[in-house]
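Breakdown of the fold
In case you want the letters, here they are:
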Amino acid sequence: MKYSVFTPIFNEQGNIVKLYEEVKKVMDNLGGSWEFIMVNDGSRDGSLKEMMSLKNVIIVDLRKNYGQSVAMDAGFRQAKGEIIISLDADLQNDPRDISRLLRKLEEKKLDVVAGWRYKRKDPLWMLIVTKAAKFLRSFFASDGVHDSGCTLRVYRRGYIEDLELTGEMHRYIIALLKWQGARIGELKVNHRRRVNGSTKYNWKKSFKGLVDLFYIWFWKKFSGRPLHLFGITGLVVMGFGGLSGLWTIYLKIVNNVSLSDSAWFTMSFFLFMVGMQFFISGVMLDIMIKNYYNSSREKRYVVK
């Protein structure tokens, strides 16, 4: 299979047939074998019925609405093509851009090409939230692209086989692949106004996405050696405890201050014990991480 096209679908009745027709026209003109995978993410309208009315479509019907990340993960798992193409089902992504993305993938010898909706046709509140999210990503998950939320992308198969998506992690696919060493490119794509249905994006998803952002930042930095975080933090805290202890000894010797009446003595003991707990926790987590990698299929490195 040369190409796999997939789209996550949740309550997109009225868009599915037109999406299929547009994608089919583009892919037939490209030549080469291809498949179209539609992941029904627990739709409660007539979306599944529309999917079943189509021919030559693979339908992955999830038991309930798990969210876009899980639906995309299911699409990646089902895909058999050498090159995998993802896009939204709301018709805001333009399938005619697929050929341009594929051309850049081959000409620049890239592993992933992401769409950039440089003229977005979204409500003002969504544009404001997107700007704020982009600002935070620049600090915690710099992925090198302008539009991390655009689903319209093309991937080489090798880089998505070990990808596991949960929560709202679909927003950080590019960052995760970049950390694996993937060569990332982007291309300005057309973004159309939504005609049927309504957006599934809301403030709850924004908050969950923020939590996932901190998670992947922590995992990127310290998944290999948590001792670097907890151990160093413990040593710093113990260092402050040591300084406080020296000051306590000075007060005792010079000013004859009773240790039972000195808050410095209590603080020294407290800081030293907290620092020791941090350090021991780092050692224990380090051992657990090593055991996890040794017993699981997850890789600590990727061979090019």
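What you see is a predicted model, and the numbers here were worked out from it, not measured in a lab.

Points about the overall build of the protein
Looking only at helices and strands, the protein features 9 helices and 7 strands. Contacts in the protein between residues far apart in sequence, at least 24 positions, make up 77% of those at least 6 positions apart. For the protein, the exposed area adds up to about 17,100 Å²; of that, 60% sits on carbon and sulfur atoms.

Some points on helix α8 (residues 227-255)
The terminal C-alpha atoms of α8 lie 40 Å apart, and with 29 residues this matches the ideal 42 Å at 1.5 Å per residue to within 8%. For α8, the complete set of buried residues consists of L227, G231, G234, V237, M238, G241, S244, G245, T248 and L251. In the stretch just after α8, N256 is the one whose phi turns positive, near 55°.

Details of the pattern of salt bridges
If you walk through the whole model with that rule in mind, you get 14 salt bridges. Look at the salt bridges and you will find they share partners, linking K18, E22, D94, R96 and R192 into a network.

Some remarks on the side chain of D97
Take D97: it is sitting in the loop between β4 (83-86) and α4 (98-107). For D97, a relative accessible area of 7% puts it in the buried group. At 2.8 Å, the side chain of D97 forms a polar contact with the side chain of R100. Among the polar contacts made by the side chain of D97, one reaches the main-chain amide nitrogen of N190 at a distance of 2.9 Å. Setting aside residues up to four positions removed in sequence, D97 forms contacts with L152, V189 and N190.

A look at the nonpolar core
Side chains that are nonpolar tend, in soluble globular proteins, to be buried together. Counting 30 residues, the largest nonpolar core has M38, I85 and V154 as its most contacted members. Breaking this core down by element, the ones donating at least two residues are β1 (3-9), α1 (16-30), β2 (34-40), β4 and α4. Element by element, the count of residues in this core is highest for α1, at 6 residues. In terms of nonpolar packing, the next biggest core, distinct from the first, is built from 25 residues, L62, V112, Y155 and M169 among them.

What about the sheet that holds β2?
The 7 strands lie next to each other as β3-β2-β1-β4-β6-β5-β7, forming an open sheet whose pairing is mixed. The strands lining the two open edges of the sheet, one partner per strand, are β3 (58-61) and β7 (184-188). Direction aside, neighbouring strands of the sheet carry axes that sit 20° apart on average. The sheet contacts of α1 involve β1, β2 and β4, and relative to β2 the element is tilted by about 160°.

Here we look at a nonpolar patch on the surface
On the surface, I232, V236, F240, L243, L246, W247, I249, Y250, I253, V254, W264 and M267 cluster together to form a nonpolar patch covering roughly 1,200 Å² of accessible area. Residue position: I232 is located in helix α8. Classification of I232 as partly exposed rests on a relative accessible area of 49%.

Thresholds, definitions, all that
Residues numbered from 1 in each chain as written. Predicted model: local features only at pLDDT ≥ 70, side-chain atom pairs only at ≥ 80, totals over all residues. Heavy atoms only, no water. Helix = DSSP H or I, 4+ residues; strand = E, 2+ residues; numbered from the N terminus. Contact = heavy atoms within 4.5 Å. Areas by Shrake-Rupley, 256 points an atom, 1.4 Å probe, with all protein chains shown as cover. Expected span 1.5 Å × (residues − 1). Buried < 20%, exposed > 50% of the residue type's maximum accessible area, 1.4 Å probe, protein only. Salt bridge = Lys/Arg side-chain N within 4 Å of Asp/Glu carboxyl O. Polar contact = N/O pair within 3.5 Å; in protein donor to acceptor, adjacent residues only side chain to side chain. Core = buried A, V, L, I, M, F, W, Y, C linked by side-chain atoms within 4.5 Å. Pairing = 2+ DSSP bridges. Axes fitted to C-alpha atoms, helices over the stretch in contact; angles between N-to-C directions. Patch = residues over 30% accessible without salt bridge, like charges linked within 9 Å, V, L, I, M, F, W, Y side chains within 5 Å.

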